Amino acid sequence: MYAVGLMSGTSLDGVDAALIKIERHQQKPQVEMIDFITIPFSPSLEEEIRECLSLHESNVQKICSLNYKLGLFYADAVKKICKQNQLSLSNLSFIGSHGQTLFHQPQKNANYAPSTMQIGEAAVIAYETQTTVVSNFRAMDLAAGGQGAPLVPYVDWLLYQNKETSRLLQNIGGISNVTALPADGTIDHIRAFDTGPGNLIIDEICRLLFHTSFDQSGALAAKGTIDEVLLRHCMQIPYISKKPPKSTGHELFGKEFTIRLIQAYDHLSKYDLLATLTAFTAHSIVENYRLFLFSTHNYDEVIVSGGGSFNQTLLRMMEQLLHPYGIRTITLEEIGHVSAAKEAIAFAILAYETLQHKPSNIPSATGAKESVMLGNITFPNKSAMANIT
C-alpha cells in the first residue's frame, strides 16, 4: 500500500513529505521510499509559526488560525508529491502527520501539567485529500507517563538494527536526538533521548546576525574561533547532564535563549559566536554519549542524519571529539539512505503500525509506563476506512 509521511520540525524550514510503499513481512514493515520533497514555508507562514512559538507574541486566535492554515499546507504537500509521481489520491491508503510542535512540556512545572502541542489540523488534511490521517503521535505516550519523545527510535530499530555493528543514530534537526542500537539487540535494549540543541541556536544566530536562514555547510562557523568561556557556560546548562529519559525544544534552546547569549557575549564577533554555538551542539551530543551510553556499551559508528549532517564544520567537531573513543562518524547518505527524508518516513511507519493496532513507542526511551499505540485517527468518510484494511 502507498502512504505519505509528513514532518515539519523545529528548524522551521518547511514540510517534508515522503511517499512510501509499505507492506508487512515476517512481522516487520517492509518499506520502499518512492519519492521525497520539501516544500518551504512562505516567509509570512514561517513568521506566523515563530509568533505562535513565542510566549510573548502568541495568542489563542493566532494558534487557532495557524492550526487550520498548516492543515491546508500539509494537504497541499500530499497532493504535490502524489501528482509528481502520477499517483491518484484514491490509491493512497493513509497519511502520517507529525504536525508542527508549538510547545513541549513533558514534566509538571509549577501549576502546568505535563503536556505537548502539535498543530496542523488532521481533519483538514483528511478532507482535502480524502485519505485517512494519523496525527498527534506524542499525546498517548505522554498520557502513559512518558516524555512523548523521542518517537523515531522504534523506526530506527526496524530499519537500522545490525547484527554485527553497534550504532548510534544521531539526528540533528532543530533539536538533536540519539538512538543507541547495540549489535543484534532486541527492542528492549534500545536507549534514546534528546541530547540537546541541534540547529536551533545555529540557525537563530544566522538569522539575527548574518541575515541568512542557516549556515551553508558550516562555512560561516569555520571562520570563527571557539570561545571557551561561552562554551563552558553553555555546557553547564542542567539539561546537558540531566539523566534520560529527557526531551527538549524551543522552550529551552529557542530564540529567547539565543538572544540572551548574544547580549551577554556581545564582545565576541559574530563568527566567534557562531563557531562556539556550533561547538556547543557537537560537545553536548558527545557529552551525552559519555555520560549515558559509553559507560554501558561500546559503539562502532555514529550515523548522522537531519539538516546538521550537511554542516561540515559541525561534523568535523564531532569527529574530533569522538576520535579518542575509536568511533567513526558517517552520514545516512553513506549507507544509501536520504537523510532529509528519515523523519517523514518514520511517521508514515508509525501511522502504519497504529492502523495495524500495534504499539510503537519505546518505554525505555520515553519513560512511559507501558507500550502504547500512538496517534489519533481521522477518517474522511466511510469508504476511506476500507483502504487501510
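Residues numbered from 1 in each chain as written. Predicted model: local features only at pLDDT ≥ 70, side-chain atom pairs only at ≥ 80, totals over all residues. Heavy atoms only, no water.

Draft legend 1. The arrangement of the sheet that holds strand E7 (residues 132–135) in detail. Reading across from one edge, E3-E2-E1-E4-E7-E13 is the order of the six strands in this open sheet, with mixed pairing throughout. Of all strands in the sheet, those bounded by a partner on one side alone are strand E3 (28–39) and strand E13 (376–378). Direction aside, the axes of adjacent strands within the sheet are offset by 25° on average. Pairing between strand E2 (residues 15–25) and E3: eleven bridges, direction antiparallel. Within E3, the position partnered with Ile20 by the bridge is Met33. Together, strand E4 (92–97), E7 and E13 form the strand contacts of helix H3 (residues 122–129), whose direction differs from that of E7 by roughly 160°. (Pairing = 2+ DSSP bridges. Helix = DSSP H or I, 4+ residues; strand = E, 2+ residues; numbered from the N terminus. Axes fitted to C-alpha atoms, helices over the stretch in contact; angles between N-to-C directions. Contact = heavy atoms within 4.5 Å.)

Draft legend 2. Inspection of the side chain of Asp16 at higher detail. Summarising the element assignment, Asp16 is placed in strand E2. Buried and unpaired, Asp16 has no salt bridge, with Lys342 as the nearest side chain of opposite charge at 11 Å. Here Thr38 takes part through its side chain, which lies 2.7 Å from a polar atom of the side chain of Asp16. Apart from the residues within four sequence positions on either side, Asp16 is in contact with Gly5, Leu6, Met7, Phe36, Ile37, Thr38, Ala340 and Ala344. (Buried < 20%, exposed > 50% of the residue type's maximum accessible area, 1.4 Å probe, protein only. Lys, Arg positive; Asp, Glu negative; His and termini not counted. Salt bridge = Lys/Arg side-chain N within 4 Å of Asp/Glu carboxyl O. Polar contact = N/O pair within 3.5 Å; in protein donor to acceptor, adjacent residues only side chain to side chain.)

Draft legend 3. Main features of the pattern of salt bridges. Throughout the structure, instances matching the rule amount to twelve salt bridges. The partner of Glu48 in a salt bridge is Lys69, and the shortest N-O contact between them spans 2.8 Å. With a gap of 21 residues between them, Glu48 in helix H1 (residues 43–53) and Lys69 in helix H2 (residues 60–84) connect regions that are remote in the sequence. Look at Glu48 and you get partly exposed, because its relative accessible area is 22%. Overall, the relative accessible area of 37% leaves Lys69 in the partly exposed class. Here Lys62 makes a salt bridge to Glu51, at a shortest N to O gap of 3.3 Å. Of this pair, Lys62 sits in helix H2 while Glu51 sits in helix H1, placing them eleven residues apart in sequence.

Draft legend 4. Seen up close, the packing of helix H5 (residues 153–160) against helix H13 (residues 342–355). Two numbers describe how H5 lies on H13: the axes approach to 9 Å, and their chain directions differ by 95°. The pairing of H5 with H13 is recorded here as roughly perpendicular in orientation. Across the interface between the two elements, Tyr154, Val155, Asp156, Leu158, Leu159 and Tyr160 from H5 touch Lys342, Ala346, Ile349, Leu350 and Glu353 from H13. By residue class, the composition of the contact of H5 with H13 is eight nonpolar, no polar and three charged. (Parallel < 35°, antiparallel > 145°, perpendicular 65-115°, else oblique. Nonpolar A, V, L, I, M, F, W, Y, C, P; charged D, E, K, R; others polar.)

Draft legend 5. Summary view of the sheet that holds strand E8 (residues 167–172). Across the sheet, which stays open at both edges, the five strands sit in the order E10-E9-E8-E11-E12 with mixed pairing between neighbours. Looking at the sheet topology across the chains shown, the edges are occupied by strand E10 (191–197) and strand E12 (328–331). Neighbour-to-neighbour, the strand axes of the sheet open up by a mean angle of 25°, direction not taken into account. Where helix H11 (residues 270–292) meets the sheet, it contacts E8, strand E9 (175–181), E10 and strand E11 (301–305), and its direction lies at approximately 150° from that of E10.

Draft legend 6. Structural context of the packing of aromatic side chains. What the rule picks out here adds up to eleven aromatic pairs. Ring centres of Phe41 and Phe73 lie 5.2 Å apart, and the angle between their planes is 45°; on these two criteria the pair is classed as tilted. Taken together, the residues span a long stretch of sequence, with Phe41 in the loop between E3 and H1 and Phe73 in helix H2 at a distance of 32 residues. Under the relative-accessibility criterion, Phe41 is labelled buried at 7%. One aromatic cluster in this structure is built from Tyr239, Phe253, Phe257 and Phe280. Taking NZ or CZ as reference, Lys28 lies 4.3 Å from the ring centre of Trp157, over its face. Above the face of the Tyr239 ring, Lys246 is positioned so that its terminal group lies 4.6 Å from the ring centre. (Phe/Tyr/Trp six-rings, centres within 6.5 Å; stacked < 30°, edge-to-face > 60°. Lys NZ or Arg CZ within 6 Å of the ring centre and 35° of its normal.)

Draft legend 7. Looking closely at the nonpolar core. By size, the foremost hydrophobic cluster in this structure holds 47 residues, and its most contacted members are Leu168, Phe253, Phe280, Tyr289 and Leu293. Among the elements that take part in this core, H11 stands out by supplying ten residues, more than any other. Ignoring any residue separated from it by four or fewer positions in sequence, one finds Leu168 in contact with Val178, Thr179, Ala180, Tyr289, Leu293, Phe294, Tyr299, Glu301, Val302 and Ile303. The next biggest cluster of nonpolar side chains, apart from the first, holds 40 residues, and it includes Val134, Val155, Ile190 and Ala341. (Core = buried A, V, L, I, M, F, W, Y, C linked by side-chain atoms within 4.5 Å.)

Draft legend 8. Local environment of the packing of helix H7 (residues 228–235) against H11. Where H7 meets H11, the axes come as close as 9 Å, and the angle between the chain directions of the two elements is 40°. In terms of their interaxial angle, H7 and H11 are classed as oblique. At the point where H7 passes H11, the crossing takes the right-handed sense. Contacts between H7 and H11 pair Leu230, Leu231, Cys234 and Met235 from the former with Leu273, Thr276, Leu277, Ala279, Phe280, His283, Ser284 and Glu287 from the latter. (Left-handed = near helix turned anticlockwise from the far one by under 90°.)

Draft legend 9. Structural detail: unusual backbone geometry. Between Ala149 and the following residue, Pro150, the backbone shows a cis peptide bond with an omega angle of -10°. Mapped onto the elements, Pro150 comes out in the loop between helix H4 (138–143) and H5. Cis geometry marks the peptide bond from Pro244 to Pro245, where omega comes out at 5°. Position of Pro245 among the secondary structure elements: in the loop between helix H8 (238–241) and helix H9 (250–253). Here Leu12, not a glycine, exhibits a phi torsion of approximately 60°, which is positive. Relative accessible area serves as the criterion here: at 3%, Leu12 is assigned to the buried category. Here the phi dihedral of Asn136 falls at roughly 55°; this positive angle occurs in a residue that is not glycine. Counting through the fold element by element, Asn136 comes out in the loop between E7 and H4. Given a relative accessible area of 23%, Asn136 falls into the partly exposed group.

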